[in-house]
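# Structural features, examined
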Amino acid sequence: QVQLVESGGGLVQAGGSLRLSCAASGRTFSRNAMGWFRQAPGKDREFVAAISGSGAITNYADSVKGRFTISRDNAKNTVNLQMNSLKPEEQAVYYCGLNRFGGPVKSVNEYDYWGQGTQVTVSS
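To start, this report covers the structure provided alongside it. (Residues numbered from 1 in each chain as written. Predicted model: local features only at pLDDT ≥ 70, side-chain atom pairs only at ≥ 80, totals over all residues. Heavy atoms only, no water.)

### What about the overall build of the protein?
Convention followed: Counting from the N terminus, the helices are DSSP H or I runs at least four residues long and the strands are E runs at least two residues long. Between the two quantities, the radius of gyration covers C-alpha atoms and the globule rule is 2.2 Å times the number of residues to the power 0.38.
Helix and strand content of the protein: 0 helices and 11 strands. The order of helices and strands in the protein, counted from the N terminus, is β-β-β-β-β-β-β-β-β-β-β. For the protein, whose C-alpha radius of gyration is 13 Å, the value lies close to the compact-globule estimate of 14 Å for 124 residues. The principal-axis extents of the C-alpha atoms in the protein amount to approximately 40 × 25 × 25 Å.

Below you can see the structure in the form of structure tokens.
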């Protein structure tokens, strides 16, 4: 059984920064690609960033390139998302997901396990 627990969300002003973390347990973490997604009320869950099991390959949504950075620490079974220059429209619940078989892809359907999410609120 895989468990993912996100943390680090909160309230930040537009232009500010937050660092999200996702702690994983129950599986050989370093073998699996991990992704961050977000979901605003009434909208579909959308891709933000993903990283391969080794950390060598990363993938970002165009809207966050240059502002967000995904990283992982396999010794600690964690994946992080550094978010800079946040915008009000990026307010959402942020989720981390684990892809059992594939790479750091953008499709939400490729991820098999999810955390409970962490709320990010960006005030204008």
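From this point on, the discussion continues.
### Remarks on the pairing of strand β5 (residues 46-51)
The test is simple: When accessible area is computed with a 1.4 Å probe and restricted to protein chains, residues below 20% of their type maximum are described as buried, those above 50% as exposed, and intermediate ones as partly exposed. In this analysis, strands are considered paired if DSSP registers two or more bridges between them.
Of all the 6 residues making up β5, 5 are buried; the element is thus mostly covered by neighbouring parts of the structure. Two successive antiparallel strands, strand β4 (residues 33-39) and β5, enclose a turn made up of 6 residues, where glycine 42 displays a positive phi of approximately 80 degrees. Pairing of β5 with strand β6 (residues 58-60) involves 3 bridges; the strand directions are antiparallel. Among the inter-strand pairings, isoleucine 51 is bridged to a residue of β6, identified as threonine 58. The antiparallel pairing of β5 with β6 creates a hairpin that spans 6 residues between the two strands, and glycine 55 there sits at a positive phi of about 90 degrees.

### Regarding the state of the cysteines
As used in these notes, a disulfide is a covalent bond between sulfur atoms, one from each of two cysteines. Just so we agree on the cut-off: Working definition: a disulfide is two cysteine sulfur atoms within 2.5 Å of each other.
Counting across every chain of the model gives 1 disulfide. Between the sulfur atoms of cysteine 22 and its disulfide mate cysteine 96 the distance is 2.0 Å. Between cysteine 22 and cysteine 96, the disulfide has an S-S torsion of 45 degrees and is therefore right-handed. Taken as a pair, cysteine 22 in strand β3 (residues 18-25) and cysteine 96 in strand β9 (residues 92-99) lie far apart in primary sequence, 74 residues in all. Accessibility classification places cysteine 22 together with cysteine 96 in one group, the buried group.

### What about the environment of phenylalanine 37?
You can see phenylalanine 37 is positioned in strand β4. Sequence-wise, phenylalanine 37 and isoleucine 51 are 14 residues apart; in three dimensions their C-alpha atoms are separated by 12 Å.

### Remarks on the side chain of serine 52
Operational definition: Here a polar contact is recorded for every N or O atom pair within 3.5 Å, except that within protein the pair must consist of a potential hydrogen donor and a potential acceptor, and residues adjacent in sequence are included only if both atoms are side-chain atoms. Contacts are assigned to residue pairs that have any heavy atoms within 4.5 Å of one another.
By the secondary structure assignment, serine 52 is in the loop between β5 and β6. Accessibility expressed as a relative area gives 8% for serine 52, which makes it buried. Reaching out from serine 52, the side chain makes a polar contact with the backbone nitrogen of alanine 56 at a distance of 3.3 Å. Dropping the residues within four chain positions of it, serine 52 is found in contact with Asn32, Ala33, Ile57, Arg72 and Pro104.

### Some remarks on the packing of aromatic side chains
Definition in use: Any Phe, Tyr or Trp ring, taking Trp's six-membered ring, that has another such ring centre within 6.5 Å forms a pair; planes under 30 degrees apart are called stacked, those over 60 apart edge-to-face, and the others tilted.
A complete count under the given rule lists 4 aromatic pairs for this structure. Here phenylalanine 37 and tyrosine 111 contribute two aromatic rings whose centre-to-centre distance is 5.0 Å and whose plane-to-plane angle is 70 degrees, an arrangement assigned as edge-to-face. Of this pair, phenylalanine 37 sits in strand β4 while tyrosine 111 sits in the loop between β9 and β10 (113-114); the two residues are 74 residues apart in sequence, bridging distant segments of the chain. According to the relative accessible area criterion, phenylalanine 37 is buried, its value standing at 0%.

### Observations regarding the side chain of asparagine 80
Its place among the elements puts asparagine 80 in strand β8 (residues 78-83). Only 2.7 Å separates the side chain of asparagine 80 from the side chain of serine 21, close enough to count as a polar contact.

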